[in-house]
Structures are given as structure tokens and as C-alpha cells.
Amino acid sequence: MRKTLVVLLFLMTLVLALPGISVAQSDSQADKFGTPTFATDLSVTTVPATSKTVPHWTSSFTYQGVTYPYTMVGTNPASSNSSTTVDVAIIPFDFVFANGFVLSGTSKVGNVLGSPNFQIATYPSGTTQYGDAVQRAEFWPFVSGASPNWHTLLDSTPTVYPTQVIQVPQNQAELLIGSVSHKVFALMSYSWFSDRLNEAINSLHIAPTTLPIVLTYNTFLFEHSLNNCCVLGYHGATQSANGNGNQQIQTYVFASCPDPNIFPPGWADVLPMSHEVSEWMNDPFIRNFVPPWQFPGEPGSCQGNLETGDPMEVVAHPDFPVTIGGFTYHPQTEAILPWFTRESPSSAIGGAYSYPDTTKLTSPSQSCH
């Protein structure tokens, strides 16, 4: 979570046209105002033994005498040769700012539905959706053997819920325009946004067996101050208070859809969504702890969970371009299970530690020092 704030310059001519919008500094490739990153939101205290949530399975690995259990979406490829499909609810957020400007998540729904998150493309691990391709590569010994039909899929025709039109108080967001992208974007309070997300999921009565994805456009979150910017997505899980051991567990995802050139190359369109979908598949309840690992090339910057997208935050060009329907999307390459377990050699497809771009991580994670 390496965050940077640079000086925001005030562009008088733009303010005359769009009051309240400032212009961000830039480098030669992108607007330069903060560091793109991701977060985890709420988690549950124990792995649920309930059917009132997304389908899931549990296994474990051992490292240096310590056993680490993990839970993932779908079924266990070691014992299942079947396909799991999870229902999805797309919830577009349209933000109306104090000066009347609108950033519309609704405007990105069509592009997202046509993306590799929901539509199939061809990868070395199969012709399938992007998240499933990563899962199949991760468990290749089973997929290439007794479980060739094992899949973990999102419903390719998710339910799109009515647009949530939200008025943004002036003290909860800052509008800027990029001097390279020439796009308007918002920096918004994490806590204020998260309250709106939870309100929407609750008011729409999303089933706990469905994955709600809250979709925004060019809206990035800061935590506590603009110095801590910019969260492009997160996933989480909440547990109902009652249920006598069979409590409902609601998992969820937030993903922004950024325009190109706001962030460094590759950080565009569905990269945040692919990041969060993969992490949700690998750690739906945010309870998968692993040996503490170091961000690649950044000694002392560490995490200790199975968040497959996070190690790629510090890697140049973390995207893996995929063209569908004439549009080139930029889903994110993911760190896969053998990287976290420090398995050597990796049992994943082709001995990989990252996928689909196997060149991004070529050895197991390094211990945190």
C-alpha cells in the first residue's frame, strides 16, 4: 500500500468550464497524482460451514512445519471434475458531484460485460473466462489429469441492477483532470464510499449465493487523507448476526474502471475487476493466511495473505492484454498459489509462479524481513 501525493495544480480555464475541478501533474506516460493500489474490506472471523454463501472448498499446505488452511470458491479439483458457476449482480454507481459533474459507472457496463471476466478467450490453461483460466493454471496437476472439466466461472450474463445515483457531498471527494489523459476523475473517501456500497447491497437484497460487483468509472478511493490514494478496488465478506451456526455470508467486490493514461501503462479498463475477481476466487472470506511475503523488489514491504493480485501492484506492466470483440482489455496477471506456498519447482502450468504472463514472477515469494 505504497501511496504518494503530488502537488495538485489549479487550471483556471478548466475551472471556468467545470467549477471545482483541478488538474493533476503528470509524467510522460500518465497523470501523476498517486499510487494505484487495492485493499481488502471486511472479513469473517471463521470460514463458514454454511450453504448461505458462495460455493467453496477448503484444503491446506505446509511450510516449514506450519500448516496453512485455505478456502477458495468452487469445488476441490483434487476430488471434483465438475464446473461451478456463480451468479453475479452488477451494481453501477453514478456519482453526481457538488458542481453537477457526473462520473457514470453505468457507461461502462457494456464494456465490462464484454470483457474477459465474463466472456471466453483462449489461454494455455483452456478456452474460458479469465479468472477460471488462472484457477486452472494454479491447479494444473489435477486439471491436466483427472479433472479436465473443472472450472470456476462467473455467470456470463450477470444481472445488471438499477443504477444507483448518488449525490456526493463536497467534503467527501475531489475532482481532478489529467494533463496526459485529459480525463476527469475523482478521489473519494474510502469510508464514505464503503457506506454507500453496503447500503446498496442491503437495499437491493442481493442473495448471499450471488457475487455483487459495484462498478464505478474513474473513481478512486483515499483513506483518511489525499496522501493515501488511490484504491481502485477491494473485496470483502460480511456475516449476519443470527443463524445458529448457519449464518448468511455475503461476499462482494468493488471495482473502478479507469481510463488509459491516468495510471501507468496497463492500468486501465478491467484491470481492477480482474484483480478483485481473482482474489475473491482465491480468498473469498479473507481468511487465507500464508507465510509473510515481500513485495517483489521491495524489501520490508510485506503482507501475509493469499491476495493474488497484490504482488503485481509493484510490477511494471502488470496487465495481460486480451482482445475480444475488437476491444483490447487489460486484465491483470496474477501471482498463483505456488508463489505463496514457496513450492519449488512450481506444480502450476509450465512451472509458473504468475499467470497468464509467466515472466512476471519466476521464483517463489521471498520471506519478509
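Since we're looking at a predicted model, the values are computed, not measured. (Residues numbered from 1 in each chain as written. Predicted model: local features only at pLDDT ≥ 70, side-chain atom pairs only at ≥ 80, totals over all residues. Heavy atoms only, no water.)

Peer 1: Even after reading the chapter, I still don't get the overall build of the protein chain, so can you show me in this structure?
Peer 2: When helices and strands are counted, the protein chain shows seven helices and 24 strands. The C-alpha atoms of the protein chain give 20 Å as radius of gyration, which agrees with the globular expectation for 369 residues (21 Å, within 12%). Its C-alpha atoms put the protein chain at 65 × 45 × 40 Å along the principal axes. Put simply, the protein chain has 369 residues, and 57% of those count as buried. (Helix = DSSP H or I, 4+ residues; strand = E, 2+ residues; numbered from the N terminus. Rg over C-alpha atoms; globule rule 2.2 N^0.38 Å. Buried < 20%, exposed > 50% of the residue type's maximum accessible area, 1.4 Å probe, protein only.)

Peer 1: Explanation requested: the state of the cysteines in the structure shown.
Peer 2: A covalent bond between the sulfur atoms of two cysteines is referred to as a disulfide. Applying the stated criterion across every chain, the model contains two disulfides. Here Cys 302 pairs with Cys 368 through a disulfide, and the sulfurs are 1.9 Å apart. As the torsion about the S-S bond is roughly 95 degrees, the Cys 302-Cys 368 disulfide counts as right-handed. A residue pair is termed long-range when its members are at least 10 positions apart, and Cys 302 in strand S20 (residues 302-305) and Cys 368 in the segment after strand S24 (354-355) qualify at 66 residues. When the cysteines of the protein chain that form disulfides are numbered from the N-terminus onward, they connect as 1-2, 3-4. Cysteine Cys 257 shares no disulfide, and the gap to the nearest cysteine sulfur, in Cys 230, comes to 16 Å. (Disulfide = S-S within 2.5 Å.)

Peer 1: I keep staring at unusual backbone geometry and nothing clicks. Help me out?
Peer 2: Between Ser 344 and the following residue, Pro 345, the backbone shows a cis peptide bond with an omega angle of -5 degrees. Following the sequence through the fold, Pro 345 ends up in the loop between helix H7 (337-341) and S24. Omega for the peptide link from Tyr 355 to Pro 356 comes to 5 degrees, which places this bond in the cis form. Backbone geometry at His 205 places phi at a positive 55 degrees, although glycine is not the residue there. By the secondary structure assignment, His 205 is in the loop between helix H5 (190-203) and strand S15 (210-217).

Peer 1: Please explain the pattern of salt bridges as it appears in this structure.
Peer 2: Pairing between side chains becomes possible if they bear opposite charge and their charged atoms approach one another. Overall, the coordinates contain two salt bridges when judged by the stated rule. A salt bridge links Asp 259 to Lys 108; the nearest nitrogen and oxygen atoms lie 3.9 Å apart. Here Lys 108 lies in the loop between strand S7 (102-104) and helix H2 (109-113) and Asp 259 lies in the loop between strand S18 (249-257) and helix H6 (271-282), a separation of 151 residues in the sequence. A relative accessible area of 7% means that Asp 259 is categorised as buried. The closest approach of N and O atoms between Glu 199 and Arg 196, which form a salt bridge, is 2.9 Å. With Glu 199 and Arg 196 both in helix H5 and three residues apart, this pair spans about one turn of that helix. You can call Glu 199 partly exposed: its relative accessible area is 44%. Judged by its relative accessible area of 17%, Arg 196 falls in the buried class. (Salt bridge = Lys/Arg side-chain N within 4 Å of Asp/Glu carboxyl O.)

Peer 1: What should I look at first to understand the packing of aromatic side chains in this one?
Peer 2: Aromatic rings in a pair are described by how distant their centres are and how their planes are angled relative to each other. Across all of its chains, the model carries 22 aromatic pairs by this definition. Ring geometry for Phe 38 against Trp 267: centres 5.9 Å apart, planes inclined by 20 degrees, an arrangement best described as stacked. Pair noted here: Phe 38 is in strand S3 (residues 37-40) and Trp 267 is in the loop between S18 and H6, with a separation of 229 residues, a long-range link. Taken individually, Phe 38 and Trp 267 each receive the classification buried, so the pair is uniform in this respect. (Phe/Tyr/Trp six-rings, centres within 6.5 Å; stacked < 30°, edge-to-face > 60°.)

Peer 1: I would appreciate a short explanation of the nonpolar core in the present structure.
Peer 2: In summary, soluble globular proteins display a tendency toward joint burial of nonpolar side chains. In terms of nonpolar packing, the biggest core is built from 38 residues, with Phe 118, Ile 213, Met 273, Trp 280 and Tyr 355 touching the most fellow members. Contributions of two or more residues to this core are made by strand S6 (83-96), H2, strand S8 (121-123), helix H3 (130-138), S15, S18, H6 and strand S21 (322-324). Apart from residues lying up to four places away in sequence, Tyr 355 is in contact with Tyr 123, Pro 124, Ser 125, Tyr 130, Ala 133, Val 134, Ala 137, Thr 333, Glu 334, Ile 336 and Ile 349. Ile 201, Tyr 217, Leu 221 and Phe 254 belong to the second-largest nonpolar core, a separate cluster that totals 30 residues. (Core = buried A, V, L, I, M, F, W, Y, C linked by side-chain atoms within 4.5 Å. Contact = heavy atoms within 4.5 Å.)

Peer 1: So what exactly am I meant to see when it comes to the environment of Thr 359 here?
Peer 2: Assignment of secondary structure puts Thr 359 in the segment after S24. Residue classification places Thr 359 among the exposed positions, given a relative accessible area of 58%. A polar atom in the side chain of Thr 359 sits 2.5 Å from the side chain of Asp 357. (Polar contact = N/O pair within 3.5 Å; in protein donor to acceptor, adjacent residues only side chain to side chain.)

Peer 1: I keep staring at H6 and nothing clicks. Help me out?
Peer 2: Quick reminder: α-helices carry 3.6 residues per turn. Residues three or four places apart thus point the same way. Under the 1.5 Å per step criterion, the end-to-end length of H6 is 17 Å for 12 residues, consistent within 8% with the ideal 16 Å. For H6, the tally of buried residues reaches 12 of 12 residues, placing the bulk of the element in the interior. Looking at H6, one finds that the buried residues are Leu 271, Pro 272, Met 273, Ser 274, His 275, Glu 276, Val 277, Ser 278, Glu 279, Trp 280, Met 281 and Asn 282. (Expected span 1.5 Å × (residues − 1).)

Peer 1: When you look at the confidence of the model for the protein chain in this model, what are you seeing that I'm missing?
Peer 2: Regions with low pLDDT carry predicted coordinates that are not meant to be interpreted in detail. Mean pLDDT over the protein chain works out to 90, with 90% of the residues at or above the 70 mark. Predicted confidence is poor over residues 1-19, with pLDDT under 50, and the contacts of this stretch with residues over four places away or in other chains come to 48 contacts. Throughout residues 22-26 the model reports pLDDT below 50, and contacts reaching past four residues in sequence, or to other chains, amount to 29 contacts. (pLDDT = per-residue confidence, 0-100.)

Peer 1: Even after reading the chapter, I still don't get the side chain of Thr 84, so can you show me in this structure?
Peer 2: Along the chain, the position of Thr 84 falls in strand S6. For Thr 84, a relative accessible area of 10% gives the class buried. If we ignore the near neighbours within four places in the chain, the residues touching Thr 84 are Pro 55, Gly 74, Thr 75, His 151, Thr 152 and Leu 153.

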